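Below are the chains, spelled out letter by letter.
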Amino acid sequence: MSEVIVVTSGKGGVGKTTTSANIGTGLALRGKRVVIIDADIGLRNLDVVMGLENRIIYDLVQVIEGQCRLKQALVRDKRYEGLYLLPAAQTRDKDCITPEQMKKLCNSIKSEGFDYIIIDCPAGIEQGFKNAIAAANKAIVVTTPEIAAVRDADRIIAMLEANEIMDTTLVLNRIRVSMVARNEMMNLSDVEEILAVETLGVIPDDDSIVTSTNKGEPAVAIENSLAGKAYRNIVSRILGEQVPLLELVPPAPTPFLSRIFGWFTKGKG
Amino acid sequence: MYENSGNIARDRLKYLILKDRVSCTNETIDMIKYDVLKTISNYIDVDNINSQIFIEQNDNKPLLIFKVPIK
């Protein structure tokens, strides 16, 4: 039985595509057969994040319109066994497919024996969003600790419920630990309290996401990347394992500073 | 009192989301207030001027609160 998970957020630029690529790749690294669908028709990007942009021949719209077979359009990621990308069309727009067609497409992917279908949803709440969620039985809402992003996430969660997607979890992305420590950024419990959905994971704001995206290699595959570890934990939770949330601690102060800190904390245990 | 911006963000966001969820304009609130006070006044003497109506978050559900002082 395959699972169809849509990665969505409402607001753009919070990390949907990065999250889709990392979760999909992470599941493949755990031996699952995975298709990641780029549902952002007209603004295709997932292929670039995954480093597969030079391998695209056909796209999702061409499969739906019957110009090619599904198998011809699926781009196999040679680095990770079992990982496939179904790219978006770049020269079409979101209105050229319907939710019904999306459901049909996902059903034919399911019948190929894949374990997971991850759908990278476009920003916004219009047709592209409706297409992307049509076939999903689970949703992952990505947000950052900013007012605009959380507000949009709240709207999206309500819309997912209205569309009878009841299994929705939260990924809080781009946490800047030192800012949270100074209480200059909302923390997970602030966001959790407001959105009232279960947390799937927290991702620190990490340079390795930038460098890995530059290279087209998802961070989840990089052993010493902190964000990569956060994504590996998320993958484990998707697979039903109990993994504690990544403990995000601010970088240790320099020896000189820690000496000063020591003066204040001495005797307090 | 100095307040950290993280707390400011949280409070602004809470209020914003509350208004989004209730989708209630200030005019609507005023109309509700007027109607409720009129109804209560049919039975007891209340202090219209110092009455307050506001929406609060309670267990993640918006709560409509009236404060109506009795004369």
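Residues numbered from 1 in each chain as written. Chains lettered and ligands numbered in written order. Predicted model: local features only at pLDDT ≥ 70, side-chain atom pairs only at ≥ 80, totals over all residues. Heavy atoms only, no water.

*Asks:* Tell me about the sheet that holds strand β2 (residues 34-38) of chain A, residues and numbers included.
*Replies:* Residues and elements named next belong to chain A. Pairing is mixed across the open sheet formed by eight strands, whose spatial order is β3-β4-β2-β5-β1-β6-β7-β8. The open sheet terminates on both sides in strands that have one partner only, identified here as β3 (75-76) and β8 (198-204). Where β3 lies against strand β4 (residues 83-86), two bridges are found, and the strand directions are antiparallel. Along β4, the bridge assignment pairs V75 with L85. Relative to strand β5 (residues 116-120), helix α1 (residues 16-29) is tilted by about 165 degrees, and along the sheet it contacts β1 (3-8), β2, β4, β5 and β6 (138-143). The sheet strands contacting helix α7 (residues 147-162) are β1, β6 and β7 (167-175), and the helix crosses β6 at an angle near 170 degrees. (Pairing = 2+ DSSP bridges. Helix = DSSP H or I, 4+ residues; strand = E, 2+ residues; numbered from the N terminus. Contact = heavy atoms within 4.5 Å. Axes fitted to C-alpha atoms, helices over the stretch in contact; angles between N-to-C directions.)

*Asks:* Just give me the short version of helix α9 (residues 188-195) of chain A, but keep the residues and values in it.
*Replies:* Residues separated by three or four positions in an α-helix point in the same direction, a consequence of the helix having 3.6 residues per turn. Residue and element names in this part refer to chain A. Of the residues making up α9, those classed as buried are L188, D190, V191, I194 and L195. Within α9, the buried residues cover an arc of 165 degrees as seen down the axis, which keeps them to one side. A positive backbone phi angle near 55 degrees is found at A196, which sits one or two residues after α9. (Buried < 20%, exposed > 50% of the residue type's maximum accessible area, 1.4 Å probe, protein only. Arc of directions from axis to C-beta.)

*Asks:* Now, about the packing of aromatic side chains: what can you tell me, with residues and values included?
*Replies:* All names here are of chain A. Per the counting criterion, the structure on display carries one aromatic pair over all chains. With 5.4 Å between their ring centres and 75 degrees between their planes, Y84 and F114 make a pair best called edge-to-face. Of the two residues, Y84 is situated in strand β4 and F114 in the loop between α5 (99-110) and β5; the sequence distance between them amounts to 30 residues. Grouping residues by exposure puts Y84 and F114 together as buried. Here the guanidinium or amino end of R33 rests over the ring plane of F114, the centre of that ring lying 4.3 Å away. (Phe/Tyr/Trp six-rings, centres within 6.5 Å; stacked < 30°, edge-to-face > 60°. Lys NZ or Arg CZ within 6 Å of the ring centre and 35° of its normal.)

*Asks:* Tell me about the nonpolar core, residues and numbers included.
*Replies:* The nonpolar side chains of a soluble globular protein tend to be buried, and buried together. All names here are of chain A. Core analysis: the biggest nonpolar cluster contains 55 residues, and I37, L60, L86, L105, I109, I119 and L195 have the highest contact counts within it. When residues of this core are assigned to their parent elements, the largest contribution, seven residues, is made by α7. Ignoring anything within four residues of it in the chain, the contact list for I109 reads V35, I37, L70, L86, F114 and I117. V14, A21, L83 and L85 belong to the second-largest nonpolar core, a separate cluster that totals 36 residues. (Core = buried A, V, L, I, M, F, W, Y, C linked by side-chain atoms within 4.5 Å.)

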